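Next come the chains, spelled out residue by residue.
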Amino acid sequence: MIFFYDLLDVCKSWKVWSTIAKFDIIKKYKRSFLGPWWITATMGILILGIGALYSQLFKLDTKNYLLYLAINFSIWTLMRDSILESCQALIEAKNILHNEKQNILIFIFRIIYKNLIIFLHNIIIFVFLGFFILDQLSIIGVLVSISALFFLLIFLLPVCILCSIINTRFRDFYMIISNIMQLLFFLSPILFKKELLFTLDWLIYINPLALFILIINEPILVNQFHFSYLIYLIIYFIIFTCFAILIFSRYKNKIIYWL
Amino acid sequence: MNKIELNKVSVIYPVYNNSKARSLKHALSLKLIGGKIYKENNKNYIRALDDITLEIKEGDRFAISGDNGAGKSTFLKLAAGCIEPSHGHITRVGKISSLLNLSMGLDGELTALENIELRGGMYNFSKKEISRFSDDVLNFSELENFANIQISRFSTGMSLRLAFAMSTYIEPEILIIDEIISVGDLNFQKKSKKRIENLMNKTSILLLASHSKEIQENYCNKKIQFNMGKLELISLD
């Protein structure tokens, strides 16, 4: 009950977390020439650089591979940065939490919202490339991908809550998670196509981040949607949500003592 | 009806910094500045507040005193809702505003105006309310001409003016203040004193931590003395 009460409260205080997130981005790019467009520029340079080389290594069509990378990197950055930054979310808000009563979920929503803004800057590269490269675009595919993205944002909530609470108590957790994320990057079909996994395709099912990449990019790129991926993700979501509710309800009042 | 009720409340801080927690020098320094340190299951704890029972009701204006580390700040944080008790129970009824750290949330990278917008957002204000808030803060702090300047370029006094004006904008039902009555130069001190007095007069419950006897007598009608986490004395005037 405490969890749902706080969740409702944080939804009502949307101005609080959206303002903090907005200023997080303003601060980061303040006094730079391109401002937040550096996010888009950085992603563009990365995709062009990696795309040009890896399309040759994997013997793939460069144009389509660039498109593939653009969407995958955008999704991956959203997931990775939300999870990693959430580990530090409460520690960074220490000064506020020590001096004012605040719902701690505000700082989780702040991280996810901030990374959503960054994602929207990154995805511009994909939209731009898609405009020139994609022969045909299915509207249903786009809508399915957007719905999947929306599910990803909801999915990130319990994951980020868990990461933030656990890392506030056990400070080694961030290092463990950042290593796991690095490993998952190479195990997920971001740089390579999932078909290359052959008999190792079970690696996708045990990795919710890989499943999200596929349920978001496939409807747009190859007009496909695997319900089996969605079912696995719903199961993961239920598991993470149960753990998040349990940990949050049990330790909510203790978190301030760990800061 | 606004109130704060504490029933057998204790606040115990765990000490997590292992290397320091095990050092004798660190333990001694903690002992000297207050809070009872004890060991349980090979872990160190500080008992910042010990078994406090207190009822604070409308009209109460509490002066809170005690040596450094006696438990004043922990008590204020507890009353403000920043922390919950380790043992016992606390009930808070009323809109609480705490002035525990004026510079809280102030960001040197942002301009005065951006800081005001950020704080307005944290107060969950609408755009219109933020605009009113901004006018009031800039006008009161006399920083209109510096609105678009990064506050890292401000002097300490200017930053304090801004922080003070932002922190004292909301009129709460329960006001919690830690040592802050006035800030800035002589002229601004008078102005800030008047603003906070106005705020204190309007609030139905006041908790004011101060070492100054004059401040305690001027603004409060009850007094709590903390010593090593214990509430020692309640003297009524």
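Here the residue numbers are simple positions, counted from 1 along each chain's written sequence. Ligands are numbered from 1 and chains lettered from A, in the order in which they are written. Local features in a predicted model are, by the rule used here, given only for residues with pLDDT of at least 70; side-chain atom pairs are given and counted only at 80 or more, and totals for whole chains, interfaces and linings are based on all residues.

**Concerning the overall build of chain B**
So, step 1. A run of H or I in DSSP counts as a helix once it spans at least four residues, and a run of E counts as a strand once it spans at least two, with each numbered from the N terminus. Helix and strand counts for chain B come out as 8 helices and 10 strands.
So, step 2. With C-beta atoms placed from the backbone, a residue counts as buried when 20 or more other C-beta atoms lie within 10 Å of its own, as exposed when 12 or fewer do, and as partly exposed for counts between those limits. When burial is assessed residue by residue, chain B has 39% of its 237 residues classed as buried.
So, step 3. Two residues qualify as a contact pair if the distance between their C-beta atoms, derived from the backbone, is within 7 Å. Long-range contacts, defined as pairs at least 24 residues apart, comprise 72% of the intrachain contacts of chain B with a sequence gap of at least 6.

**With respect to the overall build of chain A**
So, step 1. Regarding its fold elements, chain A presents 12 helices and 0 strands.
So, step 2. Ordering the α and β elements of chain A from the N terminus gives α-α-α-α-α-α-α-α-α-α-α-α.
So, step 3. Only C-alpha atoms enter the radius of gyration, while the globule expectation follows 2.2 Å times N to the 0.38, with N the number of residues. A compact globule built from 259 residues would reach a C-alpha radius of gyration of about 18 Å, and chain A, at 19 Å, matches this within 12%.
So, step 4. Across its three principal axes, chain A shows a C-alpha extent of roughly 55 × 45 × 35 Å.
So, step 5. Buried residues in chain A amount to 36% of all 259 residues.
So, step 6. Within chain A, counting contacts between residues at least 6 apart in sequence, those at least 24 apart form 75% of the total.

**So, the confidence of the model for chain B**
Residues and elements named next belong to chain B.
So, step 1. Per residue, pLDDT measures the predictor's confidence, with a range of 0 to 100. For chain B, the average pLDDT comes to 84, and 88% of its residues sit at 70 or higher.
So, step 2. Averaged pLDDT values over the elements of chain B bottom out at 52 in helix α2 (residues 24-33) and peak at 93 in helix α5 (residues 127-141).
So, step 3. Interface confidence for the predicted complex, expressed as ipTM, amounts to 0.82; the pTM equals 0.88.

**Examining the interface of chain B and chain A**
By a widespread convention, an interface's size corresponds to the accessible area lost as its parts come together.
So, step 1. Between chain B and chain A, the residue contacts involve 22 residues of the former and 18 residues of the latter.
So, step 2. Looking at which element gives the most residues to the side of chain B that touches chain A, the answer is helix α4 (residues 112-122) of chain B, with 4 residues.
So, step 3. Residue classes follow a fixed rule: Ala, Val, Leu, Ile, Met, Phe, Trp, Tyr, Cys and Pro count as nonpolar, while Asp, Glu, Lys and Arg count as charged, and any other residue, Gly among them, counts as polar. Looking at the side of chain B that touches chain A residue by residue, the classes come out as 11 nonpolar, 6 polar and 5 charged.

**Points about the nonpolar core**
So, step 1. Within the largest apolar cluster, 124 residues are counted, with the highest numbers of intra-cluster contacts made by Ala 70, Ile 108 and Cys 160 of chain A together with Ile 176 of chain B.
So, step 2. Per-element tally for this core: the top contributor is helix α4 (residues 62-92) of chain A, with 16 residues.
So, step 3. The contacts of Cys 160 of chain A, once residues within four sequence positions are left out, are Ser 82, Ile 83, Ser 86, Ile 108, Ile 111 and Ile 112 of chain A. Each nonpolar core comprises buried Ala, Val, Leu, Ile, Met, Phe, Trp, Tyr and Cys residues, the members being joined through C-beta atoms within 7 Å.

**Points about the packing of helix α7 (residues 139-169) of chain A against helix α11 (residues 227-251) of chain A**
All names here are of chain A.
So, step 1. Axes, fitted as lines to C-alpha atoms, cover a helix only where it is in contact. Angles between the N-to-C directions of the axes lie from 0 to 180 degrees. At a minimum axis separation of 8 Å, α7 and α11 run at an interaxial angle of 40°. Classified by the interaxial angle, the pair formed by α7 and α11 is oblique. For the pair α7 and α11, the sense of crossing is left-handed. Residues Phe 155, Pro 158, Val 159, Ile 161, Leu 162 and Ile 165 of α7 form the contact with α11, whose participating residues are Leu 233, Phe 237, Phe 240, Thr 241, Phe 243, Ala 244, Ile 247, Phe 248 and Tyr 251.
So, step 2. Partitioning the contact of α7 with α11 into residue classes produces 14 nonpolar, 1 polar and no charged. Each angle receives one of four descriptions, namely roughly parallel if under 35 degrees, roughly antiparallel if over 145, roughly perpendicular if within 65 to 115, and oblique otherwise. Handedness of a crossing is defined here by the sense of rotation of the near helix relative to the far one, left-handed for an anticlockwise turn of less than a right angle and right-handed for a clockwise turn.

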